[in-house]
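Listed below are the residues making up each chain.
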Amino acid sequence: QAHLVESGGGLVQAGASLRLSCSTSGRTFGTFVMAWFRQAPGKEREFVAAIQWPGINTDYADSVKGRFTISRHNANNTMYLQMKTLKPEDTAVYHCASHGRERLSRDSRDYDYWGQGTQVTVSP
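All values reported here derive from a predicted model rather than from experimental measurement.

## A look at the overall build of the chain
Then comes step 1: Check the secondary structure of the chain and you find zero helices and 11 strands.
Then comes step 2: Listing every helix and strand of the chain by position from the N terminus yields β-β-β-β-β-β-β-β-β-β-β.
Then comes step 3: C-alpha atoms of the chain, sized along the principal axes, occupy 40 × 30 × 25 Å.
Then comes step 4: Evaluated residue by residue, the chain yields a buried proportion of 45% over its 124 residues.
Then comes step 5: A sequence separation of at least 24 residues applies to 58% of the contacts in the chain between residues at least 6 apart.
Then comes step 6: A total of about 6500 Å² of accessible surface is found on the chain, and carbon and sulfur atoms cover 47% of it.
Then comes step 7: Charged side chains in the chain number 14 positive and 11 negative. The centres of these two groups are separated by 4 Å.

Now the structure itself:
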């Protein structure tokens, strides 16, 4: 069993930056694919970014490519999402997720473990 806890969300103005963190405990962090998903009110959960152990291979949704950077620090079992040039449409609850298989995935159904989420609100 893996436990994931997100932090770093908040209220910012458009154009600002935020860094989200996902701390993990329980099962071996280093062998998992980690990802960020987000869910805005009234919308389905959508893929944001994923990173494969040990942190070389990544994947991004087109909507965040060039603005967001996913990374992981295996020594302290933490994953990050650096978000720059935030837009109001980035407003959502951001969840981190993980699974124990090797391949990157954009499908939320492939992920076994989820955090509770952290709210990101971007004002115009």
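## Topic: the packing of aromatic side chains
Then comes step 1: For the coordinates displayed, the defined rule picks out five aromatic pairs.
Then comes step 2: Aromatic pair Tyr111 and Trp114: ring centres 6.3 Å apart, planes at 65°, arrangement edge-to-face.
Then comes step 3: Tyr111 gets classed as buried once you look at its relative accessible area, which sits at 5%.
Then comes step 4: Each residue in the set Phe37, Phe47, Tyr111 and Trp114 is aromatic and connected to the rest through ring pairs, giving one cluster.

## Considering the sheet that holds strand β3 (residues 18–26)
Then comes step 1: Spatially, the four strands line up as an open sheet ordered β1-β3-β8-β7, and their pairing is antiparallel. The sheet is open, and its two edges are formed by β1 (2–7) and β7 (68–73), each paired on a single side. Averaged over neighbouring strand pairs, the angle between their axes works out to 15° when direction is ignored.
Then comes step 2: With six bridges connecting them, β7 and strand β8 (residues 78–83) associate as antiparallel partners. Bridged to Thr69 within β8 is Gln82.

Definitions and cut-offs
Residues numbered from 1 in each chain as written. Predicted model: local features only at pLDDT ≥ 70, side-chain atom pairs only at ≥ 80, totals over all residues. Heavy atoms only, no water. Helix = DSSP H or I, 4+ residues; strand = E, 2+ residues; numbered from the N terminus. Buried < 20%, exposed > 50% of the residue type's maximum accessible area, 1.4 Å probe, protein only. Contact = heavy atoms within 4.5 Å. Areas by Shrake-Rupley, 256 points an atom, 1.4 Å probe, with all protein chains shown as cover. Lys, Arg positive; Asp, Glu negative; His and termini not counted. Charge placed at Lys NZ, Arg CZ, Asp CG, Glu CD. Phe/Tyr/Trp six-rings, centres within 6.5 Å; stacked < 30°, edge-to-face > 60°. Pairing = 2+ DSSP bridges. Axes fitted to C-alpha atoms, helices over the stretch in contact; angles between N-to-C directions.

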